[in-house]
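Summary of structural features
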Amino acid sequence: MKAPVRVAVTGAAGQIGYALLFRIASGEMLGKDQPVILQMLELPLEKAQAALKGVMMELEDCAFPLLAGMIGTSDPLVAFKDADYALLVGARPRGPGMERKDLLLENAKIFIEQGKALNQVASRDVKVLVVGNPANTNAYIAMKSAPDLPAKNFTAMLRLDHNRALSQLAAKAGVPVADIENLVVWGNHSPTMYPDYRFATAKGVSLKDKINDPDWNANVFIPTVGKRGAAIIEARGLSSAASAANAAIDHMRDWALGTNGKWVTMGVPSDGSYGIPEGIIYGVPVTCANGEYTRVRDLPIDEFSRERMDKTLAELEEERAGVAHLL
Ligand SMILES: NC(=O)c1ccc[n+]([C@@H]2O[C@H](COP(=O)([O-])OP(=O)(O)OC[C@H]3O[C@@H](n4cnc5c(N)ncnc54)[C@H](O)[C@@H]3O)[C@@H](O)[C@H]2O)c1
Ligand SMILES: O=C(O)C[C@H](O)C(=O)O
């Protein structure tokens, strides 16, 4: 049996937390041979702590063989102590009529405090996934607040957008989702994101050639994927939770266990490639192996793509400028 690893989850009593923790404890994120210790953070409010207690009782009642321990706390220094993985979910979600960036200043405080705490007490190899919105800029804030940790350890969740794009493409092309390779979602987790299937294939066949419908790309595919979060809020009255938790599992599993050469999208600090300034957390195609992600490099960027990639970049730069005074 492997030694247990420590997985910190913030916002553990929220709706994503409820869809996430049981899957982590059952081995769906880190493998069926990997015991985990869950370190769960919630606000120091009576209601939140009581709800967290209830979640922990239910985790206990599942008798998960891989659940080697549990900590519930309102102190980030306890939740992140020696954490090998940190899923930063806890933040205010948007409601109808709001954009994710409307949450920026309110949620920024959380990611400053948590970045500092990670810096102080987490494993030096901690893998951090930011889910709380606006996810890219929150990841940037946490990264900047944790100067002693490698910047590459901070990532933002674009995987839900990637998975949404996969399903839309599969339906349009009439191919199984599992056959699709080489899809990308560039940029910010916001309506400016650019889902790009120019390189996508199914069983080696180009989906761009198969679909051959630029109008559908520009006027249906890109806006449908970009506005899917709002469509879910409109339909449910609440933001996505099960699909968001599923994407978080996918992101962390692939980062930890590898993708076997398959491309996935992760929001990662830019290394300057593709004309994205260094440090901006931007969705790019990566492959993962041995616990590290590697960018897919040197993809050709045509004029249509450049325009969209620059637009989502401009939004991220604006968000960064909006929090610069806090960092
Ligand atoms: N990146 C994505 O693709 C994606 C997808 C879905 C939702 N989200 C975002 O995830 C976040 C959480 O969504 P949710 O639906 O679970 O919300 P929720 O309100 O149901 O749960 C959030 C939980 O976080 C807790 N919390 C708030 N501040 C905290 C802090 N400082 N420390 C610890 N816990 C804290 C709250 O008490 C609450 O229990 C939102 O910001 C939402 O917009 C992101
Ligand atoms: O859209 C939201 O606010 C929630 C989440 O980011 C989503 O994409 O579903």
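Residues numbered from 1 in each chain as written. Chains lettered and ligands numbered in written order. Predicted model: local features only at pLDDT ≥ 70, side-chain atom pairs only at ≥ 80, totals over all residues. Heavy atoms only, no water.

Right, let's get into the site of ligand 2. Arg94, Arg100, Asn133, Leu160, Arg164, His189, Gly229, Ile233, Ser239 and Ser240 make up every residue found near ligand 2. At a separation of 2.7 Å, an oxygen atom of ligand 2 approaches a polar side-chain atom of Ser240. Compared with its free state, where it exposes 260 Å², ligand 2 has 94% of that area covered by protein. Elements with a contribution of two residues or more to the shell around ligand 2: helix 6 (159-173) and helix 9 (228-236). Counted by class, the shell around ligand 2 contains two nonpolar, five polar and three charged residues. (Near = heavy atom within 4 Å. Polar contact = N/O pair within 3.5 Å; in protein donor to acceptor, adjacent residues only side chain to side chain. Areas by Shrake-Rupley, 256 points an atom, 1.4 Å probe, with all protein chains shown as cover. Helix = DSSP H or I, 4+ residues; strand = E, 2+ residues; numbered from the N terminus. Nonpolar A, V, L, I, M, F, W, Y, C, P; charged D, E, K, R; others polar.)

Many authors give the size of an interface as the accessible area that is lost as the parts come together. Domains assigned within the protein chain are domain 1 (5-156) and domain 2 (158-326). Just the C-alpha atoms count here: the centres of domain 1 and domain 2 sit 23 Å apart. Buried surface at the junction of domain 1 and domain 2, both sides included, amounts to about 3400 Å², of which 65% is carbon and sulfur. When the buried area of domain 1 at its contact with domain 2 is split by residue, Arg100, Lys127 and Asn136 rank highest and sum to 18% of it. At the junction of domain 1 and domain 2, the tally comes to one salt bridge. (Domains from an automatic or database assignment. Buried area = accessible area lost by both parts, 1.4 Å probe. Salt bridge = Lys/Arg side-chain N within 4 Å of Asp/Glu carboxyl O.)

Mapped onto this numbering, the UniProt entry annotates "binding site: NAD(+)" (unreviewed entry) at Gly11, Ala12, Ala13, Gly14, Gln15, Ile16, Gly17, Asn107, Gln114, Val131, Gly132 and Asn133. Within the secondary structure, Gly17 is located in helix 1 (residues 15-25). Residue classification places Gly17 among the buried residues on the basis of a relative accessible area of 1%. For Asn133, a relative accessible area of 18% translates into the label buried. (UniProt positions renumbered as here; feature names shortened; annotations may be inferred. Buried < 20%, exposed > 50% of the residue type's maximum accessible area, 1.4 Å probe, protein only.)

What follows concerns the environment of Arg164. Residue placement: Arg164 occurs in helix 6. Each C-alpha atom, one on Arg164 and one on Leu183, is 11 Å from the other, the two residues being 19 residues apart in sequence. Ignoring any residue separated from it by four or fewer positions in sequence, one finds Arg164 in contact with Arg100, His189, Val225, Arg228, Gly229, Ile232 and Ser240. (Contact = heavy atoms within 4.5 Å.)

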